[in-house]
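The primary structure of each chain is shown beneath.
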Amino acid sequence: MTETLLFDRIDEPGLNTLAVYEARGGYQALRKALKMTPEEVLGELEASNLRGRGGAGFQMGKKVSFLPHGAIEKYLVCNADESEPGTFKDRELMQKTPHLLIEGLVIASYAAGASRSFIYIRGEYSQQADILDEALREARDAGYVGERILGSEHSLSLVVHRGAGAYICGEETGLLDSLEGKRGNPRLKPPFPANQGLYQGPTLINNVETLSTVPAIVRMGGAEYAKIGTEQSTGTKLVSVSGHVQRPGNYEIELGVPSREIIYGLAGGPPEGRKVKCWFPGGSSAPVLTGEDLDIPYDFESMAKAGTMLGSGAIIVVDDSTPILDVALKTAKFYRHESCGKCTPCREGTNWTVKMLERIDRGEATPMDLEIMASVQEHIIGHCLCVLGDAMAMPIGSMIAKFKDEFEAHMEARRTESSPAGELAGAAA
Amino acid sequence: MNAVGSRGWDVPADLEKNPATIPGVGGSPSVPVPEDLRKEIEAHMALYPDTRSAALPALAAAQRLHGWCSPEAIDQVACVMGVTPASLDAVATFYDMLYTEPVSPQAHSVYVCTNISCSLRGADELYAAISEQAGDDEALDVRPFECLGACDIAPMASVDGVYVGPLTVDDVPKLLDDIRAGREVLPDKQLVRRPCADPKAGA
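Small disclaimer: the values here were computed from a predicted structure and weren't measured.

A.B. asks: Outline the overall build of chain B, listing residues and values.
C.D. replies: Looking only at helices and strands, chain B features seven helices and four strands. Counting only C-alpha atoms and orienting by the principal axes, one finds that chain B spans roughly 65 × 45 × 30 Å. By the burial criterion, 49% of the 203 residues in chain B qualify as buried. The long-range share in chain B, meaning contacts at least 24 apart out of those at least 6 apart in sequence, stands at 62%. Within the structure as shown, chain B displays about 9,600 Å² of accessible surface, and the carbon and sulfur contribution to it stands at 54%. In chain B, 15 positive and 30 negative side-chain charges are present, and the distance between their average locations comes to 7 Å.

Have a look at this one:
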């Protein structure tokens, strides 16, 4: 846990300005990249085995290589929507070191042969968008963005585009529709964005943290970068830890460290006297793990093996003071609110799940309802254009499976409280 | 008048209404657009290969002027962008930060995050306290919001885009006083002044 690539002295005053960023060696990786061929830069990205930091964990180099070759206009879109509950790492990067993102984005556009780029930032991050706009102005004036960058053949336009508050715009095709000025409804895939994305052109979409890692890869070399972390999860990762921990915040970790070291070692664990009841390892869309699972290494493959996912790297910790039903209801209500309504299983499934959870809480549910609710989750997964429905069904399904006893006890307790028969039984006892 | 922003299915369609066409095109009357707003929208349109990409920033600009995406605001954006008001209405109803119910142009927006990480740390009590103490003050537009991406300062709120937290119920009177007086809100609780939690990140 010694490597700090992204968070290296990130609180240095003025790091958001070009002068301070350059003084510590900023934009040297871009200069180095522009002296290489785009294929060589792509080769380094592939050698690094860098996996996307937004949620899906797809190899970035491979994604770039899927773009068609030739003179066709290509787009690069940076996904800065960061709307997955529990995730706030990109916010800290953009606010404190915006030039790192711009440098990584320009290098990636060179490797991909893209000439137009956009940073789609969620509308709520207006302070960060202002900082990015200012950094972009500086970078443009210094010749790092624009026509014939640093005297090379490569040109790139860059626009910071502000969203307006919709979770689904973090889904890449929903984001593209939103960037085209429409409702952020996800598209049917295939065609994938690499072939038909923004304005029907080939489009590469990468997360803020992914692009911000690119300068380090060019500087160190892909092979050297791949030595950090594990074989299938190379490098460092920013982890946002929140919920019931004593020191919530962003931490840069080497992939593969035990989860306990993050939750207890770095974030301090739950308050005195409390235990970890469950935790979301990768944002609220990830199936939950329990206090028994704290020794699982924090990397893509170990999380997948444990039946969950690393996702965006957002750990939400819930301690034993909170009923599991509250967690499930909060989670389900969020997805109900954010479902775009295009696919029936998601639109109806999120709504029914909320209603059934509320029935349990009102004491109107029967044990059969728990089974019906579990089956509703199964009917959502894999049946929609995007994974928003799955993103509710997976954590809710995991909660029902892992905390069935508690759900049943909650249901029974509420039923006894609310029914006249229960009151009679209580009186008789 | 039908509620423009109605999201439910309980408001019937107005069958008497003429289908709206692009203002100023094909014989339909143009609408007056304030010059500053027109310039701002045109500047956004110039940034994209397809001018329709400017819909979100254009609607946001009109909302800053009108307080919400009123029929008048929508018509003005439609007139400058050369699209139908209906297409913009469809966009505005999709996004939480575009309002389709009346809000005063002078109102300060107060978003209180009530999502999972904040609610584990008392966001529901915080939201209740803020909305109760704000009462029906038109200068305060208080809304519960989904995850605002600041769970490190949970529970938190965004005041006109400025993130503050962690907040307690005791902070609420000072928070609202600061907003009403036009002062910087809770300066020592602002996110932008907060150092990184990671001890290795020290300057």
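A.B. asks: Can you break down helix H7 (residues 126–141) of chain A residue by residue, with the values?
C.D. replies: Since there are 3.6 residues in each turn of an α-helix, residues three or four apart along the chain are aligned in direction. The end-to-end C-alpha separation of H7 of chain A is 23 Å, in line with the 22 Å expected for 16 residues at 1.5 Å each. On its buried face, H7 of chain A is in contact with helix H1 (18–23), helix H5 (89–96), helix H6 (98–112), strand S2 (116–121) and strand S3 (157–162) of chain A together with strand S4 (162–164) of chain B. Backbone geometry just downstream of H7 of chain A places Gly143 of chain A in the positive-phi region, at approximately 85 degrees.

A.B. asks: Break down the nonpolar core for me, citing the residues and quoting the values.
C.D. replies: Within the largest apolar cluster, 162 residues are counted, with the highest numbers of intra-cluster contacts made by Ile102 and Phe407 of chain A together with Leu59, Met81 and Tyr95 of chain B. Per element, the largest residue contribution to this core is ten residues, and it comes from H6 of chain A. Those residues within four positions of Ile102 of chain A in sequence are excluded, and the remaining contacts are Tyr27, Leu132, Ala135, Leu136, Ala139, Val145 and Leu158 of chain A. Listed in part, the 22 residues of the second largest apolar core include Tyr251, Tyr298, Phe300 and Met303 of chain A.

A.B. asks: Explain the pattern of salt bridges to me, using residue names and the numbers behind them.
C.D. replies: All names here are of chain A. Applying the stated criterion across every chain, the model contains 44 salt bridges over all chains. For Arg9, the salt bridge goes to Glu12, with nearest N and O atoms at 4.0 Å. Put simply, Arg53, Lys89, Asp90, Glu209 and Lys237 are held in one network by salt bridges that share partners.

A.B. asks: Break down the layout of surface pockets for me, citing the residues and quoting the values.
C.D. replies: All names here are of chain A. When its volume is computed, the second largest pocket comes out at roughly 1,300 Å³. Breaking the lining of the second largest pocket down by element, the ones donating at least two residues are helix H4 (60–65), H5, strand S4 (203–207) and helix H16 (388–402). Considering every element that reaches the lining of the second largest pocket, the biggest residue donor is S4, with five residues. Residues of the lining of the second largest pocket, tallied by class, amount to 19 nonpolar, 18 polar and ten charged.

A.B. asks: So, the interface of chain A and chain B: which residues are in play, and what are the values?
C.D. replies: Facing 68 residues of chain A, the contacting portion of chain B comprises 48 residues. Summing both sides of the interface, chain A and chain B together bury roughly 4,600 Å²; the carbon and sulfur share of this comes to 58%. The interface formed by chain A and chain B contains two salt bridges. Residue Asp124 of chain B pairs with Lys330 of chain A through a salt bridge whose shortest N-O separation is 3.0 Å. Taken together, chain A and chain B are joined by 28 residue pairs in polar contact (both at pLDDT 80 or more). Of the residues forming the side of chain A that touches chain B, the biggest block, seven residues, is contributed by helix H13 (residues 324–338) of chain A. Looking at the side of chain A that touches chain B residue by residue, the classes come out as 25 nonpolar, 24 polar and 19 charged.

A.B. asks: Go over the sheet that holds strand S2 (residues 140–145) of chain B with me, naming the residues and quoting the values.
C.D. replies: All names here are of chain B. As summarised here, the arrangement of the four strands in space is S2-S1-S3-S4, forming an open sheet in which the pairing is mixed. Each having just a single partner strand, S2 and S4 make up the two edges of the open sheet. Between one strand axis and the next, the sheet turns through 25 degrees on average, direction left out of account. Where strand S1 (residues 108–113) and S2 come together, six bridges link them in parallel fashion. Paired with Cys113 across the bridge in S2 is Phe145. Lying on the sheet, helix H6 (residues 123–134) is in contact with S1 and S2; it crosses S2 at an angle near 160 degrees.

A.B. asks: Kindly report on the environment of Arg38 of chain B, identifying the contributing residues and their values.
C.D. replies: All names here are of chain B. Along the chain, Arg38 falls in helix H1 (residues 35–45). Owing to a relative accessible area of 24%, Arg38 belongs among the partly exposed residues under this scheme. Along the backbone, Arg38 and Arg193 are 155 residues apart, and their C-alpha atoms lie at a distance of 36 Å. The residues contacting Arg38, other than those within four sequence positions of it, are Val33 and Val80.

The rules behind these values
Residues numbered from 1 in each chain as written. Chains lettered and ligands numbered in written order. Predicted model: local features only at pLDDT ≥ 70, side-chain atom pairs only at ≥ 80, totals over all residues. Heavy atoms only, no water. Helix = DSSP H or I, 4+ residues; strand = E, 2+ residues; numbered from the N terminus. Buried < 20%, exposed > 50% of the residue type's maximum accessible area, 1.4 Å probe, protein only. Contact = heavy atoms within 4.5 Å. Areas by Shrake-Rupley, 256 points an atom, 1.4 Å probe, with all protein chains shown as cover. Lys, Arg positive; Asp, Glu negative; His and termini not counted. Charge placed at Lys NZ, Arg CZ, Asp CG, Glu CD. Expected span 1.5 Å × (residues − 1). Core = buried A, V, L, I, M, F, W, Y, C linked by side-chain atoms within 4.5 Å. Salt bridge = Lys/Arg side-chain N within 4 Å of Asp/Glu carboxyl O. 1 Å grid on protein atoms, 1.4 Å probe; cavity = no way out; pocket = protein on both sides within 12 Å on 5 of 7 lines; lining within 4 Å. Points joined across faces, edges and corners; volume = space filled by probe spheres on them. Nonpolar A, V, L, I, M, F, W, Y, C, P; charged D, E, K, R; others polar. Buried area = accessible area lost by both parts, 1.4 Å probe. Polar contact = N/O pair within 3.5 Å; in protein donor to acceptor, adjacent residues only side chain to side chain. Pairing = 2+ DSSP bridges. Axes fitted to C-alpha atoms, helices over the stretch in contact; angles between N-to-C directions.

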